[in-house]
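# Observations on chain architecture
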Amino acid sequence: MSSDECDYKLDYIMLSSDAIQRRVSELAMEIEREYRGKEIIVTGVLKGAAIFMADLVRRIGPSVDVRMDFIAVSSYGDLSTSSGVVKIVKDMDTYAEDKNILLVEDIMDTGLTLAYLGEIFTARAPKSVRTCVLLEKPDRKKVDTAIDYKGFTIADEFVVGYGLDYAGRWRHLPDIWNVIEKK
Ligand code: IMP
């Protein structure tokens with residue numbers, strides 16, 4: 001499909017690359033303070049968290065023993081509304097028992113994905129499970145899932161860029177954009 005066939009278009013920059021980078025540095029500092037002298041398995045939820053996680057881990061200093069892993073869950077497919085169905089399609093490679101797990105997500109919308117992952121990881125008897133989420137849309141929340149390290153709270157608008165996509169598009173953009181339907 002060429003970009004002409006997409007029914008959505010970029011509207012305006014909601015969060016600039018500079019603002020994102022500043023906040024990511026602050027989050028990394030918080031994480032570093034919390035885990036100094038410890039090992040953490042930073043586990044990104046693919047594909048949306050890949051770019052955020054790459055920036056985040058590079059700002060955590062050597063006082064933390066950072067390991068990286070990834071997990072993939074089925075979520076929206078090509079639609080912009082939640083199906084409510086969440087399942088693991090690629091599990092992490094690390095054995096989670098007795099480990100400090102830091103789950104990294106791009107955005108919390110309904111909260112179903114994080115609630116589900118929280119349950120799965122808790123059942124694996126880790127030392128700790130915490131969550132780091134770049135964006136939260138509180139208006140859309142369906143389940144009460146706590147975020148330990150949160151980047152920004154945003155309004156209920158569909159956003160792309162910095163890892164987030166619409167039908168696979170726009171993940172590579174350094175800023176976060178709001179998208180609107182083409183008229
Ligand atoms: P939740 O389970 O409803 O919290 O959905 C989380 C997932 O929905 C995220 O990891 C994204 O893949 C997707 N998602 C939710 N809102 C947006 C958005 O505004 N832009 C891009 N993806 C979104």
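Residues numbered from 1 in each chain as written. Predicted model: local features only at pLDDT ≥ 70, side-chain atom pairs only at ≥ 80, totals over all residues. Heavy atoms only, no water.

### Some details on the sheet that holds strand β5 (residues 100–108)
Within the open sheet, the 6 strands sit side by side as β4-β3-β2-β5-β6-β7. Their pairing is mixed. Edge positions in the open sheet fall to β4 (87–90) and β7 (149–153), since each of these has one partner strand only. Taken over all neighbouring pairs, the strand axes of this sheet differ in orientation by 30° on average, direction set aside. Where strand β2 (residues 39–46) lies against strand β3 (residues 65–74), 8 bridges are found, and the strand directions are parallel. Residue pairing for β3: Glu 39 is matched across the bridge by Asp 65. Where helix α1 (residues 17–35) meets the sheet, its contacts fall on β2, β5, β6 (128–136) and β7, and the angle it forms with β7 comes to roughly 160°. (Pairing = 2+ DSSP bridges. Helix = DSSP H or I, 4+ residues; strand = E, 2+ residues; numbered from the N terminus. Axes fitted to C-alpha atoms, helices over the stretch in contact; angles between N-to-C directions. Contact = heavy atoms within 4.5 Å.)

### What about the nonpolar core?
Residues Ile 31, Phe 52, Leu 56, Val 104, Cys 132, Leu 135 and Ile 176 are the most contacted members of the largest nonpolar core, which totals 29 residues. Residue assignment for this core shows that the elements contributing at least two residues are α1, β2, α2 (50–58), β5, β6 and β7. Element by element, the count of residues in this core is highest for α1, at 6 residues. Those residues in contact with Leu 56, other than ones at most four positions away along the chain, are Val 24, Leu 27, Ala 28, Ile 31, Val 104 and Cys 132. If you look at the next biggest cluster of nonpolar residues, it comprises 15 residues, including Ile 41, Ile 71, Met 92 and Phe 121. (Core = buried A, V, L, I, M, F, W, Y, C linked by side-chain atoms within 4.5 Å. Buried < 20%, exposed > 50% of the residue type's maximum accessible area, 1.4 Å probe, protein only.)

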